[in-house]
Amino acid sequence: GSLIGQAQEYKKNAIFWQVSGNGLEKPSYIMAILKFIPESDYILPAVASEKIKECRILSTETLLDHRAKHELNKAAHLQHNESLKDYLSKEEFQNLESLFKDRFGIGKLKFEMVYSKFKPVMLSTTMTRLALKENVKFYELELINLANENGMIMLGLETVKREVEAFERFSMEDQVNALKHTITNFDQQIEDYQQVVDAYTEGDLHTTLEYTLHPVENNRMFKTYFIERRNAEWMPKMIGYMKQAPTFFAIGASHLADEKGLLSLLEEQGYEVKPMEL
């Protein structure tokens, strides 16, 4: 009955977690992050800055070296010089172009040469970021800087190629529909994003995941392939790193929530997962 007695810690609200037990000499830590966040909402808990110094490894989802950035950039774009013109009606395309001009001050030429070449799912995320203007912080960059100061080893949980594969599972038709939704409901998308940020800063991982899935209209395939399958694949790597040395994991908040999230999977493996007081 002791297993049932475990209070399923992963259900608690927190963005910073300690992983211990199960033969680990020293604990490792997991910090839930968002890719980017408005500067005014950015939090790096003091306990995280403190504990990162006790770790030898910083692990992010993917290791963005020069080659990986190139691969990711390639993957973000439509192939064979296609444009979103090929996927949207004339009116939808014009509405998108107007949105870029009115909301982001991006003119016709730049829109056609740069942004209209993005894959729809990538463009939606980019639009949220552009709406925040310049005032954004990128969690991975902040943590990588800290790790560099502490002379840590940087590792990733998967290759960029694998991340891209997960993206490819999101069919073009679904992507285009999600983008059309963005075009007609952009204000709603920004509100949803603010919900993600609010839930995240409160440590509510479940709601963070829920709102993260809104722009893709809670596409079941997306959740399965982009979140749950990757979580399961990362498990052995995470365990491998933690056995080698205390590791600080910086991982998207949506990967930590719920039964198939990393915190729950670690508990199932017999680790003690506990939220840290901030």
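As the structure is a prediction and not an experimental result, all values here were calculated from the model. (Residues numbered from 1 in each chain as written. Predicted model: local features only at pLDDT ≥ 70, side-chain atom pairs only at ≥ 80, totals over all residues. Heavy atoms only, no water.)

Asks: Lay out the overall build of the protein with the relevant residues and their values.
Replies: Helices and strands together make up the secondary structure of the protein, namely 13 helices and 8 strands. Rg of the C-alpha trace for the protein: 20 Å, near the compact-globule value of 19 Å for 278 residues, within the 12% margin. With 278 residues in all, the protein has 51% of them scored as buried. Considering only contacts within the protein whose residues lie at least 6 apart along the sequence, 80% involve residues at least 24 apart. Carbon and sulfur atoms provide 50% of the accessible area of the protein, an area that totals close to 14300 Å². (Helix = DSSP H or I, 4+ residues; strand = E, 2+ residues; numbered from the N terminus. Rg over C-alpha atoms; globule rule 2.2 N^0.38 Å. Buried < 20%, exposed > 50% of the residue type's maximum accessible area, 1.4 Å probe, protein only. Contact = heavy atoms within 4.5 Å. Areas by Shrake-Rupley, 256 points an atom, 1.4 Å probe, with all protein chains shown as cover.)

Asks: Explain the packing of helix α6 (residues 120–131) against helix α10 (residues 186–201) to me, and be specific about the residues and the numbers.
Replies: At their nearest, the axes of α6 and α10 sit 10 Å apart, and the two run at 75° to each other. Judged on the interaxial angle alone, α10 and α6 are roughly perpendicular. The segment α6 lies against α10, with Ser 124, Met 127, Thr 128 and Ala 131 engaging Phe 186, Gln 189, Ile 190 and Tyr 193. (Axes fitted to C-alpha atoms, helices over the stretch in contact; angles between N-to-C directions. Parallel < 35°, antiparallel > 145°, perpendicular 65-115°, else oblique.)

Asks: Please give an account of unusual backbone geometry that cites residues and values.
Replies: The backbone phi angle of His 80 is positive, close to 45°, even though this residue is not glycine. Here His 80 lies in the loop between α3 (66–76) and α4 (90–104). Of note in this structure, Asn 81 is not a glycine but carries a positive phi near 55°. Position of Asn 81 among the secondary structure elements: in the loop between α3 and α4. A relative accessible area of 66% places Asn 81 in the exposed class.

Asks: Tell me about the nonpolar core, residues and numbers included.
Replies: If you look at the biggest cluster of nonpolar residues, it comprises 87 residues, and the most contacted ones within it are Leu 96, Phe 100, Met 238, Phe 248 and Leu 266. Once you skip the residues sitting within four places of it in the chain, Leu 266 turns out to touch Val 19, Ile 30, Met 235, Met 238, Ile 239, Met 242, Tyr 271 and Val 273. (Core = buried A, V, L, I, M, F, W, Y, C linked by side-chain atoms within 4.5 Å.)

Asks: Go over the side chain of Lys 223 with me, naming the residues and quoting the values.
Replies: Within the secondary structure, Lys 223 sits in helix α12 (residues 220–244). Glu 228 provides the closest opposite charge to the buried, unpaired Lys 223, separated from it by 4.1 Å. With sequence-adjacent residues up to four places away left out, Lys 223 is seen in contact with Leu 209, Leu 213, Glu 228 and Asp 258. (Lys, Arg positive; Asp, Glu negative; His and termini not counted. Salt bridge = Lys/Arg side-chain N within 4 Å of Asp/Glu carboxyl O.)

Asks: Which residues make up the pattern of salt bridges, and what values do they have?
Replies: One pass over the full model with this rule turns up 13 salt bridges. One salt bridge connects Lys 51 with Glu 54, and the closest N-O pair in it is separated by 3.7 Å. Classification of Lys 51 as buried rests on a relative accessible area of 15%. The partner of Arg 162 in a salt bridge is Glu 233, and the shortest N-O contact between them spans 2.8 Å. Taken as a pair, Arg 162 in helix α8 (residues 160–168) and Glu 233 in helix α12 lie far apart in primary sequence, 71 residues in all. Under the relative-accessibility criterion, Arg 162 is labelled buried at 18%. Glu 233 sits in the partly exposed class, given a relative accessible area of 38%.

Asks: Tell me about the packing of aromatic side chains, and please be specific about residues and values.
Replies: Tallied over the entire structure, the rule returns 12 aromatic pairs. Where Phe 93 meets Phe 111, the ring centres are 5.4 Å apart and the plane angle is 55°; that geometry is what we call tilted. One end of the pair, Phe 93, is in helix α4; the other, Phe 111, is in helix α5 (residues 108–113), and 18 residues separate them in sequence. Among the aromatic residues, ring-to-ring pairing joins Phe 93, Phe 100, Phe 104, Phe 111, Tyr 115, Phe 118 and Phe 186 into one connected group. Its guanidinium or amino end placed over the ring of Tyr 42, Lys 137 lies 5.1 Å from that ring's centre, counting from NZ or CZ. Across from the ring centre of Phe 226, 4.3 Å away, lies the NZ or CZ of Arg 230, which sits over that ring. (Phe/Tyr/Trp six-rings, centres within 6.5 Å; stacked < 30°, edge-to-face > 60°. Lys NZ or Arg CZ within 6 Å of the ring centre and 35° of its normal.)

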